[in-house]
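# Coordinate analysis (summary)
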Amino acid sequence: MWKRLGEFVLKFRMILLVLLLAVTAVMGYYASQVKLSYEFSKAIPTDNPKYKEYVAFKAKFGDDGNLLVAGIQTDSLFDLKIYEAYKELHQQLKKIDHVEDVLSVSSAVLLRKDSLTEKLLAEKIFADSISSQLVLDSAVHVFYNYPFYRSLLYNPQAHAYLAAVRINKEILNSPGRTKVVADITAATKEFEKKTNIEVHLSGLPLIRTVVADRIQNEMKYFLFGSLLLSALILLLFFRSISTTLLSLLVVIFGVVWALGILQLCGYKITLLTALIPCLVVVIGVPNCIYFINKYHTSYLKDGDKHQALVDMVSKMGVVTLFCNLTAAIGFAVFALTKSAILKEFGVVAGISIMLIFIISFILLPAALSYLPAPKAAQTKYLNNRWITNFLLRVEHWVIHHKRTVYVVTAACLTFAIIGIFKLKSVSFIVDDLPTTDKIYTDLKFFEKNFHGVMPLEIVVDTKKRYGLAGMKALAVFEKVDSLSGYIAAQPEMNRPLSVAEGLKFAKQAFFDGDSANYLLPNSFDGAFVGEYLRPAKGDSNNKNSLSKMITSFIDTARQSTRISVNMADVGTEKLPVLLKGIEQRANQLFDTAAYKVQLTGTSITFLEGSRFIVNGLKESIFWAFLLIALCMLYLFRSVRILLCSLIPNLIPLVITAGIMGWAGVPLKPSTVLVFSVALGIAIDITIRFLVNYKQELPSYENNIAKTVSVTIRHTGLSIVYTALVLIAGFIIFCGSSFGGTKALGWLTSATLMIATLTNLVLLPVLLLALAPKPSRKHGTT
């Protein structure tokens, strides 16, 4: 069948090339329409309980991840000149498009009791115009008298000050967020220039925007870098510009088709789907190497160009089909998960890898038929002295040192298994950043001085409408205050903000700003304080600042209230412990029959998303192994061959996991991906070796030992060349500034290097060890 297909491609080569170019042009149009995704994460399925709770929270109280914070550390903020510059920074930040509000020291307010109207009126602590240092010092004294702002806007021990910038949530899910963050950064740079005081920036809007933009930019550079490096290696191997350009054309077509498929599926470029073009390159280049290698080998054997092209298609067509099929399965199994980000990656990667087979199957033989027959210089690589000597040494080890191969393999596995026990599964929101990166160091500044900026939300539901109305609500807020006290005692968490803090602020104002009365109102003074908090009749649209704050922390049904916490990026290992402690304390305070307490917010969804991705990837690897095993069983129709094929591919994954354990690289979404990528590519080596072995076996009268030796020498050459190209294609990722991308580079390269050795050495040893017993009549079979 494959021979007839080869003849068909060569007979109708012009028509097929025109069709291929036409489809590529159409795909190019769709590829040009593809857009970047600006959503933070689609890791959790929409039917996940934690996700539903988070959506319900946002519907009641609004978004929790739209605050960007700017912090400084100085003991001279309240020098008049420095303060004026800080106030100007506040004003500049407010002027930036899509910035909804800015809260800083210069905008702090106090509440003043108006006995005539029986209302608390908001007044700015710092006047718009301050004429002297004396006036400023007086305002500073008042500011420090309000405990409400302590740890929220300033840290008195560290002389650290914080400004919170609230950004429109819609712009954060659009390309415009990059400009907003850039404008905020530019305003802080201007302040630094005027005062020589460093400004630290953090918060989810900044982290999401900068990290996503950097990774997407890096992926563009790495795509072109891998193409360039592959081109150089191909040129060194084949010594032919036309052959190199043809190989590059195959993968460029593949990249265009992959992006077109992405658009046709209605998906956008995410941090995961951004990897697909690079994967297409590293899958497409081996296709080219194996096809062209077979073409050159057949041409040198017979000297007939047409027959060499037919042999190339007939011999390598089925091999490449199953190689690409197993690689596609390795990625397509992600589509079986409920995670949207994994599903999109699996669908597009699986389809793209199969399409690269169609492209190479049509383009290579058709284009090569128009090119001149290969010259001696172009086939010189087939007799490369270094690689030939290496393969002869491999053959010697396989035939004469089987026991040594087993011992070395066992030693490596023992080393790896010990390392696996050291392996941890933990991830942080910014753990892929180097510790010297400004985003990372700025985050640590806020963790040191303000206990962090990662949002955690706690919702207390009274289970009845108006459960937080009137004096009965005081009992609830006493419990809220007690829970807040527990949270504030945790070193990884800042003092929570809740209605309880607002009521303390109001009571202090009711008692003429006496800081000793920064306490929750009791049943006696609560009625008086409560009266001052009520908006005037007919003046509901002109609430004071405290009333606005209180209403933003209580839902419209007055049934639920929120407790907002900023916390450190403690990672997925420590976060569950902290959350369990909060839940236990909440259960002690709130009767579960009368109240429902939920923990939600971005920190919770991040934890759940990380768990979901890691577990999804683990399950995907299992399904990939199962489906690939079925493909191998169908291809070779032999349980013996199946065992021989799976063991050399399982061992590299185990060794890589062990290396991660010894090197202290944790299991997290960015590193678990390595196993799927490596498995999908490494299995290609096994299939090509075994198919070539199966094809050569009848030529050597079913003599397994002799066939194994010939296969090592013949197929080993293209395996080594392909491995070098693949390793070079992945090692370029080590230049990334992100730990996850860097890990993808060096761990995948290490896995492929180990897989190359196991397939060249261990696989032949297993074939010999599991070979049928010699027949009395025909000898070895």
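None of the values given here were measured: they were computed from a predicted structure. (Residues numbered from 1 in each chain as written. Predicted model: local features only at pLDDT ≥ 70, side-chain atom pairs only at ≥ 80, totals over all residues. Heavy atoms only, no water.)

### Focus: the overall build of the chain
Convention followed: By the criteria applied, helices consist of DSSP H or I runs no shorter than four residues and strands consist of E runs no shorter than two, each listed in order from the N terminus. Relative accessibility under 20% of the residue-type maximum defines a buried residue, over 50% an exposed one, and the middle range a partly exposed one, all with a 1.4 Å probe and only protein chains included. Any two residues whose heavy atoms approach within 4.5 Å at even a single point are treated as in contact. Here, Shrake-Rupley sampling with a 1.4 Å probe gives the accessible areas, and only protein chains in the shown set may cover a residue. Counted charges follow a simple rule, with Lys and Arg positive, Asp and Glu negative, and His plus the chain ends left uncounted. By convention, charge coordinates are those of NZ in Lys, CZ in Arg, CG in Asp, or CD in Glu.
Of regular secondary structure, the chain possesses 24 helices and ten strands. Its C-alpha atoms give the chain principal-axis dimensions of roughly 115 × 50 × 45 Å. A buried classification covers 57% of the 781 residues belonging to the chain. Long-range pairs, those at least 24 residues apart, make up 80% of the contacts in the chain with a sequence separation of at least 6. Total accessible area computed for the chain in this model is approximately 33,800 Å², and 60% of it derives from carbon and sulfur atoms. Charge separation in the chain, taken as the distance between the mean sites of 79 positive and 56 negative side-chain charges, equals 12 Å.

### Things to note about the side chain of Asn517
With respect to the helices and strands, Asn517 occurs in the loop between helix H16 (499-510) and helix H17 (526-533). You can call Asn517 buried: its relative accessible area is 18%. In contact with Asn517, other than residues within four places in its own chain, are Lys504, Lys507, Gln508 and Phe511.

### Details of helix H2 (residues 13-33)
Along an α-helix, residues three or four apart share an orientation, since each turn contains 3.6 residues. The cut-off we apply is this: How far a helix is expected to stretch is found by multiplying one less than its residue total by 1.5 Å.
For H2, spanning 21 residues, the distance from its first C-alpha to its last is 30 Å, which sits close to the expected 30 Å at 1.5 Å a residue. Contact partners of the buried residues in H2: helix H1 (2-11), helix H8 (241-264) and helix H11 (340-370).

### Considering empty space enclosed by the protein
Heads up, the condition is: Here the term cavity refers to a set of points on a 1 Å grid, laid over the protein atoms alone, in which a 1.4 Å probe fits but cannot get out; the term pocket refers to an open set having protein on both sides within 12 Å along at least five of seven lines, with lining residues being those that place an atom within 4 Å of a point. Grid points are joined across faces, edges and corners, and a volume is the space filled by probe spheres set on the points. When residues are grouped by polarity, Ala, Val, Leu, Ile, Met, Phe, Trp, Tyr, Cys and Pro land in nonpolar, Asp, Glu, Lys and Arg in charged, and all others, Gly among them, in polar.
Within this structure, the stated rule accounts for six cavities of 30 Å³ or more. The calculated volume of the largest cavity comes to roughly 70 Å³. Every residue lining the largest cavity is listed: Ile429, Met454, Met567, Ala568, Asp569, Val570, Gly571, Thr572, Leu575, Ser603 and Phe606. Taken together, the elements giving at least two residues each to the lining of the largest cavity come down to helix H19 (571-589) and helix H20 (602-636). The greatest single-element share of the lining of the largest cavity, amounting to three residues, is contributed by H19. A per-class count over the lining of the largest cavity returns seven nonpolar, three polar and one charged.

### Focus: the packing of aromatic side chains
Rules: Ring pairs shown here join Phe, Tyr and Trp side chains whose ring centres sit within 6.5 Å, with only the six-membered ring taken for Trp; geometry is labelled stacked below 30 degrees between planes, edge-to-face above 60, and tilted in between.
One pass over the full model with this rule turns up 30 aromatic pairs. Measuring from centroid to centroid gives 5.0 Å for Phe8 and Phe12, while their planes differ by 50 degrees, and the two rings are tilted. By relative accessible area, which is 43% here, Phe8 ends up partly exposed. Under the relative-accessibility criterion, Phe12 is labelled partly exposed at 31%. Judged by centre distance (5.3 Å) and plane angle (90 degrees), the rings of Phe222 and Phe733 are edge-to-face. Of this pair, Phe222 sits in helix H7 (residues 204-238) while Phe733 sits in the loop between helix H23 (704-731) and helix H24 (739-769); the two residues are 511 residues apart in sequence, bridging distant segments of the chain.

### Some remarks on the pattern of salt bridges
Cut-off, in case you're wondering: For this analysis, a salt bridge means a side-chain nitrogen from Lys or Arg found within 4 Å of a carboxyl oxygen belonging to Asp or Glu.
The tally for this structure, following the rule as stated, stands at 18 salt bridges. Lys87 is the salt-bridge partner of Glu84, the closest N and O atoms lying 3.5 Å from each other. Taken together, the positions of Glu84 and Lys87, both in helix H4 (residues 80-95) and three residues apart, correspond to about one turn of that helix. A relative accessible area of 28% places Glu84 in the partly exposed class.

### Observations regarding the pairing of strand E3 (residues 109-114)
To keep things clear, this is the line we draw: Here a strand pair is declared whenever DSSP counts at least two bridges between the two strands.
Taken together, the six bridges between E3 and strand E4 (residues 119-124) define a ladder with antiparallel strand orientation. Within the sheet, the bridge partner assigned to Leu110 lies in E4 and is Glu123. The hairpin formed by E3 and E4 contains four residues between the paired strands, and Glu118 there has a positive phi angle of roughly 55 degrees.

### Brief notes about the nonpolar core
Put simply, the rule is: We call a set of buried Ala, Val, Leu, Ile, Met, Phe, Trp, Tyr and Cys residues a nonpolar core when their side-chain atoms join them within 4.5 Å.
Grouped together as the largest cluster of nonpolar side chains are 263 residues, with contacts concentrated most on Phe126 and Tyr149. No other element matches H11, which puts 17 residues into this core.

### Quick look at H7
Taking 1.5 Å per residue, 35 residues should reach 51 Å; H7 reaches 49 Å between its end C-alpha atoms and fits that length. Backbone geometry just after H7 places Arg239 at a positive phi near 55 degrees.

### A word on the packing of helix H21 (residues 639-663) against H24
Where we set the bar: All axes here are fitted lines through C-alpha atoms, helices being fitted over the stretch that makes contact, and every angle between N-to-C directions spans 0 to 180 degrees. Handedness of a crossing is defined here by the sense of rotation of the near helix relative to the far one, left-handed for an anticlockwise turn of less than a right angle and right-handed for a clockwise turn.
Close contact between H21 and H24 brings their axes to 9 Å; oriented N to C, the two are set at 145 degrees. As H21 runs across H24, the sense of the crossing is right-handed. Across the contact of H21 with H24, the residue classes tally to 19 nonpolar, six polar and one charged.

### Concerning the environment of Val142
Locating Val142 in the fold gives a position in helix H5 (residues 133-144). Relative accessible area serves as the criterion here: at 28%, Val142 is assigned to the partly exposed category. Apart from the residues lying within four places of it in its own chain, the contact partners of Val142 are Leu110 and Ile125.

### Concerning the confidence of the model for the chain
This is how it is decided: Known as pLDDT, the predictor's per-residue confidence is scaled from 0 to 100.
Scored by pLDDT, the chain has a mean of 85; 94% of the residues are at 70 or more. Scored below 50 in pLDDT, residues 538-545 makes five contacts in the model with residues more than four places away or belonging to other chains.

### A closer look at the sheet that holds strand E10 (residues 596-600)
Pairing within the open sheet is antiparallel, and its three strands lie in the order E9-E8-E10. Of all the strands in the sheet, just strand E9 (560-567) and E10 have a single pairing partner and so form its edges. Along the sheet, successive strands turn relative to each other by an average axial angle of 20 degrees, direction set aside. With eight bridges connecting them, strand E8 (residues 454-461) and E9 associate as antiparallel partners. Paired with Met454 across the bridge in E9 is Met567.

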